Amino acid sequence: MKHKEFKNNSLIEAQVEIRWGQADQSGSGIKTDPYYKMTLGRFYERVMETYPVHEILPASKFPETMVYHTAQHLFRVGNGKWPAIQIGPGILSVHTREEYLWEDLATKAQDALSQLLDAYPKMVEMRIEMIRLHYIDAVNLDFNRENVLQFLHEKFKTNIELPPSLFLDGHVSSRPKSFSWEATFEEDQPEGSITIRFSTGERDARPALLWETIVESSGRQLPPLPSGMGHWLNQAHALTEDWFIKFIEGDLERDFAGA
């Protein structure tokens, strides 16, 4: 089964991110993109029919040199609705939440990349540095009462342990008050890396265990773009779905299915 097919959906957000390089035009060591503002206006002209609602993000208050690879503008399909596109100096991302469908996200990501490349001035070559597929999921967990390490062991088949002797004197609780862990692994379909990240947090104002799955390619790992974007996305998605299913096999799968 896939994210969308579960009765009790764990997905908070799915996003595709594209980053491109910026050049040091002054020799000062400060990177900036002299074509960003021109590209921003031209890009919005190309997406405004699909994403008519424009929101200015907090990073727009700062000079572009201070918010390298940080989104400054958000474009939505409707007021307070998703999907949405974010753009800033050297960064473009497509986001979806409860309305997630993989085919729709993949299409919108490919369209956004094509529109970005079309909007960028033709007299210079845009140097794309990285593409990323990023899922954020959550499971309700009151980590103030339950031990997140035990939960990971029982529900995710993941063992993260500290020496029991640390807690023998009884002065330190063996239940973590907060928790964050991640690991990154090289992979070749697509060529790049996959990262798994677990952390304590909230979902709908309730304590939860968040887990993120990120597939990323950069530099020489990148496929030809934009022609290879669709194939890259499908490979990255197949990998994330495989890991998702293998993590939740057993109790979580039954919980998500509403069994």
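Every value quoted in this text rests on a predicted model; they were computed, and no experiment measured them.

Definitions and cut-offs
Residues numbered from 1 in each chain as written. Predicted model: local features only at pLDDT ≥ 70, side-chain atom pairs only at ≥ 80, totals over all residues. Heavy atoms only, no water. Helix = DSSP H or I, 4+ residues; strand = E, 2+ residues; numbered from the N terminus. Contact = heavy atoms within 4.5 Å. Lys, Arg positive; Asp, Glu negative; His and termini not counted. Charge placed at Lys NZ, Arg CZ, Asp CG, Glu CD. Salt bridge = Lys/Arg side-chain N within 4 Å of Asp/Glu carboxyl O. Buried < 20%, exposed > 50% of the residue type's maximum accessible area, 1.4 Å probe, protein only. Phe/Tyr/Trp six-rings, centres within 6.5 Å; stacked < 30°, edge-to-face > 60°. Lys NZ or Arg CZ within 6 Å of the ring centre and 35° of its normal. Axes fitted to C-alpha atoms, helices over the stretch in contact; angles between N-to-C directions. Parallel < 35°, antiparallel > 145°, perpendicular 65-115°, else oblique. Left-handed = near helix turned anticlockwise from the far one by under 90°. Nonpolar A, V, L, I, M, F, W, Y, C, P; charged D, E, K, R; others polar. Core = buried A, V, L, I, M, F, W, Y, C linked by side-chain atoms within 4.5 Å. Pairing = 2+ DSSP bridges.

Caption draft 1: Region of interest: the overall build of the protein chain. Each helix and strand counted, the protein chain has 5 helices and 9 strands in total. Along its sequence from the N terminus, the protein chain presents helices and strands in the succession β-α-β-β-β-β-α-β-α-β-β-β-α-α. On the principal axes, the C-alpha backbone points of the protein chain span a range of 65 × 45 × 40 Å. Relative to all contacts within the protein chain whose residues are 6 or more apart in sequence, the contacts with residues 24 or more apart total 66%. Within the protein chain, one finds 27 positive and 38 negative side-chain charges whose respective centroids are separated by 4 Å.

Caption draft 2: Seen up close, the pattern of salt bridges. Considering all chains together, one arrives at 14 salt bridges under this definition. The salt bridge partner of R19 is E17, with a shortest N-O separation of 2.6 Å. Owing to a relative accessible area of 23%, R19 belongs among the partly exposed residues under this scheme. Classification of E17 as buried rests on a relative accessible area of 7%. One salt-bridge network, held together by shared partners, links E17, R19, R132 and E216.

Caption draft 3: Expanded view of the packing of aromatic side chains. Scanning the model with the defined rule gives 13 aromatic pairs in all. Both rings, one in Y44 and one in F75, keep their centres 4.7 Å apart while their planes meet at 15°; by these two values the pair is stacked. Placement of the pair is Y44 in helix α1 (residues 36-47) and F75 in strand β3 (residues 73-76), with a sequence separation of 31 residues. For Y44, a relative accessible area of 22% gives the class partly exposed. Given the relative accessible area of 2%, F75 is considered buried. What links up through ring pairs into an aromatic cluster is the set F151, F156, W181, F185, F198, W211, W243, F244, F247 and F256. If you follow R76 out to its NZ or CZ, it ends over the ring of W82, 4.6 Å from the centre.

Caption draft 4: Quick peek at the packing of α1 against helix α2 (residues 102-119). Interaxial distance between α1 and α2 falls to 8 Å at its minimum, and their mutual angle equals 135°. Taken together, the axes of α1 and α2 lie oblique to each other. Seen from above, α1 lies across α2 with right-handed handedness. Contacts between α1 and α2 involve T39, R42, F43, R46 and V47 from the first element and A112, Q115, L116, D118 and A119 from the second. Along the lines of polarity and charge, the residues of the contact of α1 with α2 split into 5 nonpolar, 2 polar and 3 charged.

Caption draft 5: View of the nonpolar core. With 38 residues, the main nonpolar core has W20, F43, I85, I87, L92, W102 and L233 as its most contacted residues. Elements supplying a minimum of two residues to this core: β1 (11-20), α1, β4 (84-88), β5 (91-96), α2, β6 (128-140) and α4 (229-248). Ranked by residue count, the leading element in this core is α2, at 8 residues. Sequence-distant contacts of F43, defined by excluding residues within four places in its chain, comprise F75, I85, I87, L92, A112, Q115, L116 and A119. Listed in part, the 19 residues of the second largest apolar core include L141, L152, W211 and I245.

Caption draft 6: Local environment of the sheet that holds β6. As summarised here, the arrangement of the 9 strands in space is β2-β3-β4-β5-β1-β6-β9-β8-β7, forming an open sheet in which the pairing is antiparallel. A single partner strand is all that each edge strand has here, and the edge strands are β2 (53-56) and β7 (180-188). In this sheet, neighbouring strand axes are inclined to one another by 20° on average, regardless of whether the strands run parallel or antiparallel. Pairing between β4 and β5: 5 bridges, direction antiparallel.

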